[in-house]
Amino acid sequence: MSDFNQINRRGLVLVGCGRMGGAMLTGWLARGLEPGAVTVLDPRLAPEWQDRGLRVNAALPERPAVLVLAVKPQMMGDALAAMPDLSDTLVISVAAGTTIATFEAAFPGAPIVRVMPNTPAAIGQGISAMIGNGAATPAHLDLTEALMRAVGRVVRLDREDQMDAVTGLSGSGPAYVFHLIEAMAAAGEAQGLPAALALELARVTVAGAGALAVDADEDPAVLRQNVTSPNGTTAAGLAVLMDADTGLPPLMARTVAAATERAKELGRELGRA
Ligand SMILES: NC(=O)c1ccc[n+]([C@@H]2O[C@H](COP(=O)([O-])OP(=O)(O)OC[C@H]3O[C@@H](n4cnc5c(N)ncnc54)[C@H](O)[C@@H]3O)[C@@H](O)[C@H]2O)c1
């Protein structure tokens, strides 16, 4: 893939190859990034990444095209302290809460792009939101987008402060959906279904409805109405779920608000560290 030509020439450094770093690396290698062009720095690298032709915990190339930071926000200080001067390298961070200003202090003058992906990236079905700093050119943004497209869709933000709400919605959102599956399965069990059957019904219903919501031309509200017969079973269920005071809307509003607030707090805590 031509997008990766300059990376294959100059190299990519991945700092942190856990769940998210590993998901991205899987996508990049599948899209034509050469293993020998990748330097992975991770003191606890999973065995699956050994013997894959990657440069593991090796010296950094002199002028890598891209540095991707995928350590936990709390480990970012240590990771940044170990980095050499990389002013000519595109720096991409996927860490929650860690602001562009933090990376600008570590890499003065460097192009920096902050990205928030999510875990369906592990199967190429993530969604990433991205925003660059003043030094990030359209070419840097396009290269970041090409890298993140390897693990799903990409949207661009207008302002960095939108990143906190993105983290609260799509970054954390897969966990909300997993819990929806758990809650639906438990509710089916409470109505007399065997546990395994209830879980299978809940899991595939959520997956199928999600796929339909992405593929269909109609809004989710229309898809919902299509399932709902007047005075039928779905209407009876939705009357509970959509209650303005006790239903899902106020609960989801509080859920996303709490996660967004935590993202803001993380930014403040890490900014002070
Ligand atoms: N998992 C998610 O849902 C998700 C979603 C969006 C963004 N993120 C962000 O991705 C980042 C990584 O999260 P994760 O879930 O992959 O965590 P993880 O714990 O699975 O992976 C982090 C990796 O970093 C390594 N590491 C720790 N200190 C290091 C250091 N100093 N140098 C190099 N490597 C080091 C660890 O050994 C580990 O393999 C976080 O900043 C998180 O905010 C995660």
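Rules used in this analysis
- Residues numbered from 1 in each chain as written.
- Predicted model: local features only at pLDDT ≥ 70, side-chain atom pairs only at ≥ 80, totals over all residues.
- Heavy atoms only, no water.
- Helix = DSSP H or I, 4+ residues; strand = E, 2+ residues; numbered from the N terminus.
- Areas by Shrake-Rupley, 256 points an atom, 1.4 Å probe, with all protein chains shown as cover.
- Lys, Arg positive; Asp, Glu negative; His and termini not counted.
- Charge placed at Lys NZ, Arg CZ, Asp CG, Glu CD.
- UniProt positions renumbered as here; feature names shortened; annotations may be inferred.
- Buried < 20%, exposed > 50% of the residue type's maximum accessible area, 1.4 Å probe, protein only.
- Pairing = 2+ DSSP bridges.
- Right-handed = clockwise from strand over helix to strand, strands pointing away.
- Near = heavy atom within 4 Å.
- Polar contact = N/O pair within 3.5 Å; in protein donor to acceptor, adjacent residues only side chain to side chain.
- Nonpolar A, V, L, I, M, F, W, Y, C, P; charged D, E, K, R; others polar.
- Contact = heavy atoms within 4.5 Å.
- Salt bridge = Lys/Arg side-chain N within 4 Å of Asp/Glu carboxyl O.
- Axes fitted to C-alpha atoms, helices over the stretch in contact; angles between N-to-C directions.
- Parallel < 35°, antiparallel > 145°, perpendicular 65-115°, else oblique.

## Side note on the overall build of the protein
Consideration 1: Helix and strand counts for the protein stand at eleven helices and eight strands.
Consideration 2: Counting only C-alpha atoms and orienting by the principal axes, one finds that the protein spans roughly 70 × 40 × 35 Å.
Consideration 3: For the protein, the computed accessible surface area is about 14,700 Å², with 57% contributed by carbon and sulfur atoms.
Consideration 4: A gap of 3 Å separates the mean positions of the 21 positive and 28 negative side-chain charges of the protein.

## Here we look at the UniProt feature "domain: Pyrroline-5-carboxylate reductase catalytic N-terminal" (unreviewed entry) in the protein
Consideration 1: According to UniProt, the "domain: Pyrroline-5-carboxylate reductase catalytic N-terminal" (unreviewed entry) feature falls on residues 14-97.
Consideration 2: Across residues 14-97 one finds 21% helix and 19% strand; the C-alpha atoms that close the span lie 19 Å apart.

## Re the pairing of strand S5 (residues 90-93)
Consideration 1: Where burial is concerned, the two faces of S5 agree: the one with Leu90 and Ile92 and the one with Val91 and Ser93 are both buried.
Consideration 2: Sheet topology places strand S4 (residues 66-69) next to S5; four bridges connect them, and they run parallel. Within S5, the residue paired with Val66 across the bridge is Leu90.
Consideration 3: Read from S4 through helix H3 (residues 76-81) to S5, the crossover connection turns out right-handed.

## Describing the site of the ligand
Consideration 1: In the vicinity of the ligand there are 22 residues, among which Arg19, Met20, Asp42, Val71 and Ala96 approach most closely.
Consideration 2: In this structure, Leu41 approaches the ligand through a main-chain N or O atom, which is 3.5 Å from a nitrogen atom.
Consideration 3: The side chain of Asp42 places a nitrogen or oxygen atom 2.6 Å from an oxygen atom of the ligand.
Consideration 4: Surface burial for the ligand is 83%, taken as the share of its 830 Å² of free accessible area covered by protein chains.
Consideration 5: Tallied by class, residues from the shell around the ligand come to 15 nonpolar, three polar and four charged.

## Describing the UniProt feature "domain: Pyrroline-5-carboxylate reductase dimerisation" (unreviewed entry) in the protein
Consideration 1: UniProt records the feature "domain: Pyrroline-5-carboxylate reductase dimerisation" (unreviewed entry) for residues 160-266 in the present numbering.
Consideration 2: Annotation note: span residues 160-266, helix share 79%, strand share 0%, distance between end C-alpha atoms 14 Å.

## Re the environment of Gln74
Consideration 1: Note that Gln74 resides in the loop between S4 and H3.
Consideration 2: Spatially, the C-alpha atom of Gln74 lies 46 Å from that of Ala235, the residues being 161 residues apart in sequence.
Consideration 3: Look past the residues within four positions of Gln74 in its chain and what remains in contact with it is Leu266 and Leu270.

## Digging into the pairing of strand S6 (residues 112-116)
Consideration 1: Within S6, five of the five residues are buried, which leaves it mostly tucked inside the rest of the structure.
Consideration 2: Both faces of S6 are covered, namely the face carrying Ile112, Arg114 and Met116 and the face carrying Val113 and Val115.
Consideration 3: Pairing between S5 and S6: three bridges, direction parallel. Each residue of the ladder has a partner; that of Ser93, found in S6, is Arg114.
Consideration 4: In this region the chain leaves S5, passes through helix H4 (residues 100-106) and returns to the parallel neighbour S6; the handedness of that crossover is right-handed.
Consideration 5: With four bridges joining them, S6 and strand S7 (residues 126-132) adopt antiparallel strand pairing. Note that in S7 the partner of Val115 across the bridge is Met130.

## What about the pattern of salt bridges?
Side chains that differ in charge, positive against negative, can pair when their charged atoms come close.
Consideration 1: The tally for this structure, following the rule as stated, stands at ten salt bridges.
Consideration 2: Glu261 is paired through a salt bridge with Arg268; the nearest N and O atoms lie 3.2 Å apart.
Consideration 3: Assessed through its relative accessible area of 34%, Glu261 is described here as partly exposed.
Consideration 4: Overall, the relative accessible area of 44% leaves Arg268 in the partly exposed class.

## Observations regarding the packing of helix H6 (residues 162-171) against helix H7 (residues 173-190)
Consideration 1: Following both chains from N to C, one finds H6 and H7 inclined at 30 degrees, their axes separated by 5 Å at the closest point. As far as their axial angle goes, H7 and H6 are roughly parallel. Facing H6, whose interface residues are Gly168, Leu169, Ser170 and Gly171, H7 presents Gly173, Pro174 and Tyr176.
Consideration 2: Broken down by class, the residue content of the contact of H6 with H7 amounts to three nonpolar, four polar and no charged.

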